[in-house]
Amino acid sequence: MATAESPATVEGPVPGGRIKSSSPRPIPVIGVVTEDEDAQGASKPMDLNRVIRLLEETKKVDLKEKQLLSVKKLVQYYQNGFPLRDIAQIFKILNLCAGKIKNWPSFIEPIQDIVKLCGLPFLKKKVSDEITYAEDTANSIALLGDLMKIPSSELRIQICKCIVDFYHAEPPKKHIPGYQQANSTYKIQMAEVGGLAETMVQSLALLKNQLVEKLWVLKVLQHLSTSEVNCTLMMKAQAASSICAHLNDPDPSGQLLFRSSEILWNLLEKSSKEEIIQQLSNLECLLALKEVFNHLFIRGFSHYDRQLRNDILVITTIIAQNAEAPMIESGFTRDLILFTTFNEVKSQDPLVKGLKLSNSYEDFELKKLLFNIIVILSKDLPTVQLLIGGRLVLALFTYLKRPEKHKISDWSPAQYEELQLHAIATLSSVAPLVIEEYMLCQGNARVLAFLEWCETEDSFFSHGNSFHGTGGRGNKFAHMRYTLRLLRAMVYLGDATVNQDLCEKRAIQQLIGIFKNTISKCNDKEEAIVLEIQSDILLTLTGLCENNVSRKEIFGTEGVDLILHVLKTDPKKFQSGLGYNVLLFSTLDSIWCCVLACYSSEDYFLEKEGIFLLLDLLALNQKKFCNLILGIMVEFCDNPKTTAHVNAWRGKKDQTAASLLIKLWRKEEKELGVKRDKCGIIIDTKKPLFTSFQEEQKIVPLPANCPSLAVMDVAENIRAKIYAVLGKLDFENLPGLSTEDFVTLCIIHRYLDFKVGEIWNEICEEIKLEKLKPVTADKNILEVITTASENIGKMVASLQREMIENQARQDVQNEQKVYAKIQVTHKQRELANKSWENFLARTSNAKTLKKAKRLQEKAIESSRYRERLPNTIFHQTDIKGLNTTVPSGRVVTVASTPPQLVGGPLADTDIALKRLPIRGGALQRVKAVKIVAEPQKSVPT
């Protein structure tokens, strides 16, 4: 560290607070000058311009001693730090001194002294000095990097110490009145502005065989690389390649490798990662990395060596992501595969002879890093042959087995579990590239046997501490997840040998059984991992059963039950983010590949109301599912039993399937920007299906094998599928449609005609763009076709308007009926009110009651039949003296005609036995007349 005191000056306190100097000549020090002393002339400020003029003179002979003396005075004067306002002049003096070193090497010492003082904090008189002198300071600090060109070991080391002191600055030992220390990060910021990092990188080229100076420069770059600005400057100076190429240079201390790796790490993190990788992706750098890694792997035994080895491997892993990196050419790939497999597969290679990994944390991390880099290297196809030669698949399969009890392992149980999961994940990436090796190792049998162990209930405690073990603590779900990923990767290769071998080993039945078990074992904590397992099972079954009817029959009703179980999931869970969306996609895919085209499975699916569940999902109106569900519906409608199920379905508010499909059509057209009026009627009869995207895109002549916009439109939206489903349901007999639905249905019905016309219009436009003139016959045919297509559009638009008008008339008629009903209701209400008013009047006014009674009697009398037949008996029906206007009772017993003589339906009832006497006043109930039984007459026999 640079000290704040000059070694040439020794000071001690004397009475009165003065500082006495042991120097032969008293030189004023800025740290002890007071205002009183300045006024008395006890000290004078340093005349820097005089020093500059003295150094610039070259004609006088005896200048050397004077110049050296003036510089030494300057050093002693500013021994507590340089003020910011003097920085520019001081560094000009420094630059002038540097120019004299070639002739007078004795100037090196004062330059070192000045550089040493630069390590002290700068001083500012005003707060604004840091901003005012920022440019001068930045340019001055940048000069330190240029001084590295001076071939002086001591000077170079002093410059490096000075720069390191920027990051470990110590406050001055003495307080200087009138000045305060600049911000501790001020020098660091000025170094960034001045581009010091770039010149320090360039100085490395001057220090090829000078280890001490190189280590000091690397230490400086290590400090500078903590800043993003400096890392960018170092990147421009090709720091990564120049440092990496010399990683393997001799260095007994080991600092070179440590500091170089630290700088490379900082460059990768704080600058353009792609650019640094590109700089390191050359043969020279990779050979250096290989030699260093091999040396540390074989001969590194200390904790520090192992950590450094792992850091080098991580840097190599990042470089390996660049496909252009010569990993194979450098031999690094071969060595990495060897180091990955030597513990599991015996090798006679001298590199690993007698070598063994311990269960230390660093070696454990090394094993995981090797698995990781193998996955990255396997993306380069030429690596495949090296993977086969290194027997990597066999080595990885040693982890895919049941844990053996009482077996001594090199790893702890938690470590082995993590390595096991990592190995299976690595197999998922590597095995599909080496199918022959996979089959030679009996891969399918090993995978299915391991899956069988994953289902068992034996005593196994999973630690679940690693990334790969997430969600599998205390169970085997993590093992099952990665094993199923491996199986899915192999199935989706579409290799007939692999898939046939799996089916012969009853993989379909085993996977269905695993799915059933996961349903019963699922709980909230493990829900996410169980959903992932179920999705992988369905995708694997999809790959096995696709285009193979016999395997679909093996899938059978048990598989259909699994599908129905998923389809019955609560729709709210699809938004939970746990993986239900992925599971549903897998399920829909499995319907397509495992159920369709197998008539027994289709019938069972329909029997269990599977179509209802699909339509319920479609009614959720989630765009990501609609396309796939409609595609399944199109295929299902080929089954004649499907139509009845579709027509029988009812959604919310008694919505039918046809109404739902038409609603989806309208929504799709709205999103596509198809031109329709507010009633849904066609506006442009020439282009009734045109979307806003098609209108924005200009028609460009295309080759015959390239689909045009009109053709691509069929695949890019759901309109074609809705047309196909409704067409198979019969356009004429669709239940539950409104007028709006019928208006839209007119367009759907003519979708194919419109699409054909749209394609012919494209053909005509392309002919015009290519400036071709068709022959007369072809021209006439084109005109007829385009006219016919436009006429169809006009006809449909006319039919739509007619439907709208009919509906409007029907609405008017219905409205009139409603109004008529309302009028009748009001009239009845008025009559009831009037009757009630009359009743109140009769009951509250006797005259009104009598008048009403007379009118009633008069009406009764006038209604009677005037002519009477001879010999007839007239019975009086009204009750005299009754002062009411309410009609009398309906039952009247006439005294002149006993019931036993008349008989009839009431002769044997209680009503017939009651007499109603005709008296003045109201009717009165009397006791029933007792009838004496008459003597029975004997009937002659």
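Residues numbered from 1 in each chain as written. Predicted model: local features only at pLDDT ≥ 70, side-chain atom pairs only at ≥ 80, totals over all residues. Heavy atoms only, no water.

**Q** Please provide a residue-by-residue account of the overall build of the chain, values included.
**A** When you go through the chain residue by residue, the secondary structure sums to 43 helices and four strands. Every one of the 941 residues in the chain was classed for burial, and the buried ones make up 44%. Of the roughly 51300 Å² of accessible surface on the chain, a fraction of 54% belongs to carbon and sulfur atoms. (Helix = DSSP H or I, 4+ residues; strand = E, 2+ residues; numbered from the N terminus. Buried < 20%, exposed > 50% of the residue type's maximum accessible area, 1.4 Å probe, protein only. Areas by Shrake-Rupley, 256 points an atom, 1.4 Å probe, with all protein chains shown as cover.)

**Q** So what's going on with the packing of aromatic side chains? Which residues, and what values?
**A** In the structure shown here, the tally under the stated rule is 21 aromatic pairs. Both rings, one in Phe397 and one in Tyr438, keep their centres 5.9 Å apart while their planes meet at 40 degrees; by these two values the pair is tilted. Of this pair, Phe397 sits in helix α21 (residues 392–397) while Tyr438 sits in helix α23 (residues 435–440), and the two are 41 residues apart along the sequence. A residue is classified by how much of its surface remains accessible, and Tyr438, at 0% relative accessible area, is buried. Ring geometry for Tyr723 versus Phe731: centroids 6.0 Å apart, planes at 35 degrees, classification tilted. Each residue in the set Phe293, Phe297, Phe332, Phe339 and Phe342 is aromatic and connected to the rest through ring pairs, giving one cluster. A cation over an aromatic ring shows up here: Lys476 above the ring of Trp453, its NZ or CZ 4.5 Å from the ring centre. One residue, Arg485, lies across the ring of Tyr482, its end atom 4.8 Å from the ring centre. (Phe/Tyr/Trp six-rings, centres within 6.5 Å; stacked < 30°, edge-to-face > 60°. Lys NZ or Arg CZ within 6 Å of the ring centre and 35° of its normal.)

**Q** Describe the packing of helix α16 (residues 283–299) against helix α18 (residues 332–341), and please don't skip the residues or the numbers.
**A** Direction vectors running N to C along α16 and α18 enclose 25 degrees, while the axes themselves pass 10 Å from each other. What the angle tells us is that α16 and α18 run roughly parallel. For the pair α16 and α18, the sense of crossing is left-handed. Where α16 approaches α18, its residues Leu286, Leu289, Lys290, Phe293, Asn294 and Phe297 are matched on the opposing element by Phe332, Asp335, Leu336 and Phe339. For the contact of α16 with α18, the class distribution of residues is seven nonpolar, one polar and two charged. (Axes fitted to C-alpha atoms, helices over the stretch in contact; angles between N-to-C directions. Parallel < 35°, antiparallel > 145°, perpendicular 65-115°, else oblique. Left-handed = near helix turned anticlockwise from the far one by under 90°. Contact = heavy atoms within 4.5 Å. Nonpolar A, V, L, I, M, F, W, Y, C, P; charged D, E, K, R; others polar.)

**Q** Give a detailed account of unusual backbone geometry, specifying residues and quantitative values.
**A** Positioned with a positive phi, Arg391 is a non-glycine residue whose angle comes to about 50 degrees. As for its position among the elements, Arg391 is in the loop between α20 (383–389) and α21. Backbone geometry at Glu609 places phi at a positive 65 degrees, although glycine is not the residue there. If you trace the backbone, Glu609 turns up in the loop between α31 (599–607) and α32 (610–619). Note on Glu609: relative accessible area 44%, which makes it partly exposed.

**Q** Please give an account of the nonpolar core that cites residues and values.
**A** Residues Leu567, Ile591, Phe605, Leu614 and Leu726 are the most contacted members of the largest nonpolar core, which totals 121 residues. For Ile591, the residues in contact, after removing those within four places along its chain, are Ile563, Leu567, Leu596, Phe605, Leu614, Ile632 and Phe636. Grouped together as the second largest cluster of nonpolar side chains are 110 residues, Leu68, Phe166, Leu289 and Met327 included. (Core = buried A, V, L, I, M, F, W, Y, C linked by side-chain atoms within 4.5 Å.)

**Q** I'd like to hear about the packing of helix α24 (residues 443–455) against helix α27 (residues 507–521), residue by residue, with values.
**A** It is at 11 Å that the axes of α24 and α27 come closest, and there the two elements cross at 25 degrees. One way to sum up the angle between α24 and α27 is to call them roughly parallel. When you trace α24 past α27, the crossing you get is left-handed. Every residue of α27 that contacts α24 at Leu448, Leu451, Glu452 and Glu455 is listed here: Ala507, Gln510, Leu511, Gly513, Ile514, Asn517 and Lys521.

**Q** Kindly report on the state of the cysteines, identifying the contributing residues and their values.
**A** Overall, the coordinates contain zero disulfides when judged by the stated rule. The structure places no disulfide on Cys503, whose sulfur is separated from the nearest cysteine sulfur, that of Cys545, by 7.0 Å. (Disulfide = S-S within 2.5 Å.)

**Q** Let's hear about the pattern of salt bridges: which residues, and what values?
**A** Opposite charge on two side chains allows them to pair when their charged atoms are near. Following the criterion strictly, the structure yields 30 salt bridges and no others. Between Lys623 and Glu671 there is a salt bridge whose closest N-O contact spans 3.2 Å. You can see Lys623 sitting in helix α33 (residues 623–636) and its partner Glu671 sitting in helix α35 (residues 657–672), a full 48 residues away along the chain. By relative accessible area, Glu671 is classed as partly exposed at 46%. Its salt-bridge partner being Glu740, residue Arg666 comes within 3.6 Å of it at the nearest N-O pair. Of this pair, Arg666 sits in helix α35 while Glu740 sits in helix α39 (residues 739–749); the two residues are 74 residues apart in sequence, bridging distant segments of the chain. (Salt bridge = Lys/Arg side-chain N within 4 Å of Asp/Glu carboxyl O.)

**Q** Can you break down the side chain of Thr426 residue by residue, with the values?
**A** Position of Thr426 relative to the elements: it lies in helix α22 (residues 413–430). Once residues within four sequence positions are removed from consideration, Thr426 is found in contact with Phe371, Ile374, Val375 and Leu396.

**Q** So what about a nonpolar patch on the surface? Which residues, and what values?
**A** Together, Val818, Tyr819 and Ile822 give the surface a local cluster of nonpolar side chains, amounting to about 280 Å² of exposed area. With respect to the helices and strands, the residue Val818 is situated in helix α41 (residues 776–844). By relative accessible area, which is 46% here, Val818 ends up partly exposed. (Patch = residues over 30% accessible without salt bridge, like charges linked within 9 Å, V, L, I, M, F, W, Y side chains within 5 Å.)

**Q** Which residues make up the confidence of the model for the chain, and what values go with them?
**A** Mean pLDDT over the chain stands at 84; residues scoring 70 or higher make up 85%. Every residue in residues 1–43 is under pLDDT 50, and counting partners more than four places away or in other chains gives 65 contacts. (pLDDT = per-residue confidence, 0-100.)

**Q** Tell me about α41, and name the residues and values.
**A** Along its 69 residues, α41 runs 101 Å from first to last C-alpha, staying within 8% of the 102 Å computed at 1.5 Å per residue. Summarising the contacts, the buried residues of α41 are in contact with α39 and α40 (751–769). (Expected span 1.5 Å × (residues − 1).)

**Q** A description of α16 should follow, citing residues and the corresponding values.
**A** Between its first and last C-alpha atoms α16 spans 24 Å; for 17 residues at 1.5 Å apiece the expected length is 24 Å, and the two agree. Within the span of α16, buried status applies to Cys285, Leu286, Ala288, Leu289, Lys290, Val292, Phe293, Asn294, Leu296, Phe297 and Ile298. Packed against the buried residues of α16 are α13 (239–244), α14 (255–270), α15 (273–280), α17 (303–320), α18 and α19 (361–377).

**Q** Quick one: what's the story with the environment of Asn444, residue by residue and with numbers?
**A** Assignment of secondary structure puts Asn444 in helix α24. In sequence terms Asn444 and Asp501 are 57 residues apart; their C-alpha atoms lie 7.4 Å from each other. If sequence neighbours within four positions are ignored, Asn444 has contacts with Tyr438, Met439, Val498, Asp501, Leu502 and Lys505.

**Q** Help me get a handle on the environment of Leu630, residues and values and all.
**A** Relative to the helices and strands, Leu630 resides in helix α33. Overall, Leu630 belongs to the buried group, its relative accessible area being 0%. Residues Leu630 and Leu615, spaced 15 residues apart in sequence, show a C-alpha to C-alpha distance of 9.2 Å. Residue contacts for Leu630: discarding those within four places in its chain leaves Leu618, Leu661, Ile718, Lys721, Ile722 and Val725.

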